[in-house]
Amino acid sequence: MRWWDIDPVLELEKELFPVDAWSRGMFWSELAHSRGPEATRRYLVACDGDRLVGYAGLAASGDLGDVQTIAVRRDQWGTGLGGRLLTELLRAATDFDCAEVMLECRVDNVRAQKLYERFGFEPIGFRRGYYQPGNVDALVMRLQDPSTSVQGTETHG
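Residues numbered from 1 in each chain as written. Predicted model: local features only at pLDDT ≥ 70, side-chain atom pairs only at ≥ 80, totals over all residues. Heavy atoms only, no water.

The name an unreviewed UniProt entry gives the chain is Ribosomal-protein-alanine N-acetyltransferase, with Streptomyces triticiradicis as the organism.

Below you can see the structure in the form of structure tokens.
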């Protein structure tokens, strides 16, 4: 993801997450930490021709990775794009030497939870009222040793 991707990313963000969409400033801040030798973020986009169809981001701190976001345009659901984006984030976590990867997922987003479970993420708790302003709880999930999951991506289809 580069700065020129922010406008199409924001359009998709608002379409998919109308109540708790990230702001332009949040994406700029994340991208500011994604370049150079001290980079702690990896953000990517998926395009079909000129059309942005998905994006994803990971933050790394020490040996801990955190999936910040994954979004796939609705007409791309079921194509495996979410799994490909997650695979790339787990590769990034491995490159950052992360021993484990965490994420939060809306408790009502069963589709995403099933994707994460296929990659070996396990639920470990909840964060009450995490998604604001909707006051929706988050399911916290953890994957230990992301390098193992990346090696087996051919089985995650």
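Peer 1: Help me understand the pattern of salt bridges in this model?
Peer 2: Inspection of the entire model under this criterion finds 12 salt bridges. Arg74 is the salt-bridge partner of Glu15, the closest N and O atoms lying 3.7 Å from each other. Here Glu15, found in helix H1 (residues 6–16), pairs with Arg74, found in the loop between strand E3 (64–72) and helix H3 (81–95); they are 59 residues apart in sequence, far enough to count as distant. Since its relative accessible area comes to 35%, Glu15 is described here as partly exposed. Given a relative accessible area of 43%, Arg74 falls into the partly exposed group. (Salt bridge = Lys/Arg side-chain N within 4 Å of Asp/Glu carboxyl O. Helix = DSSP H or I, 4+ residues; strand = E, 2+ residues; numbered from the N terminus. Buried < 20%, exposed > 50% of the residue type's maximum accessible area, 1.4 Å probe, protein only.)

Peer 1: Please clarify how the packing of H1 against helix H2 (residues 24–32) should be interpreted in this entry.
Peer 2: For any two helices packed against each other, one specifies the crossing angle of their axes together with the interaxial distance. Relative to each other, H1 and H2 sit at 130°, their axes nearing to 10 Å. Judged on the interaxial angle alone, H2 and H1 are oblique. Seen from above, H1 lies across H2 with right-handed handedness. Touching Ile6, Asp7, Val9, Leu10 and Glu13 of H1 are Arg24, Phe27, Trp28 and Leu31, all from H2. Split into classes, the residues belonging to the contact of H1 with H2 amount to six nonpolar, no polar and three charged. (Axes fitted to C-alpha atoms, helices over the stretch in contact; angles between N-to-C directions. Parallel < 35°, antiparallel > 145°, perpendicular 65-115°, else oblique. Left-handed = near helix turned anticlockwise from the far one by under 90°. Contact = heavy atoms within 4.5 Å. Nonpolar A, V, L, I, M, F, W, Y, C, P; charged D, E, K, R; others polar.)

Peer 1: Whenever I open this one, the layout of surface pockets confuses me. Can you help?
Peer 2: One way to see where empty space is left: roll a probe the size of a water molecule over the atoms. Considering only enclosed or pocket space, the largest pocket measures out at about 1,000 Å³ in volume. Looking at the lining of the largest pocket, the elements that each hand over two or more residues are H1, E3, H3, strand E4 (100–106), helix H4 (110–118) and strand E5 (122–131). A per-element tally of the lining of the largest pocket places E3 first, with seven residues. Of the residues assigned to the lining of the largest pocket, the class counts are 20 nonpolar, 11 polar and nine charged. (1 Å grid on protein atoms, 1.4 Å probe; cavity = no way out; pocket = protein on both sides within 12 Å on 5 of 7 lines; lining within 4 Å. Points joined across faces, edges and corners; volume = space filled by probe spheres on them.)

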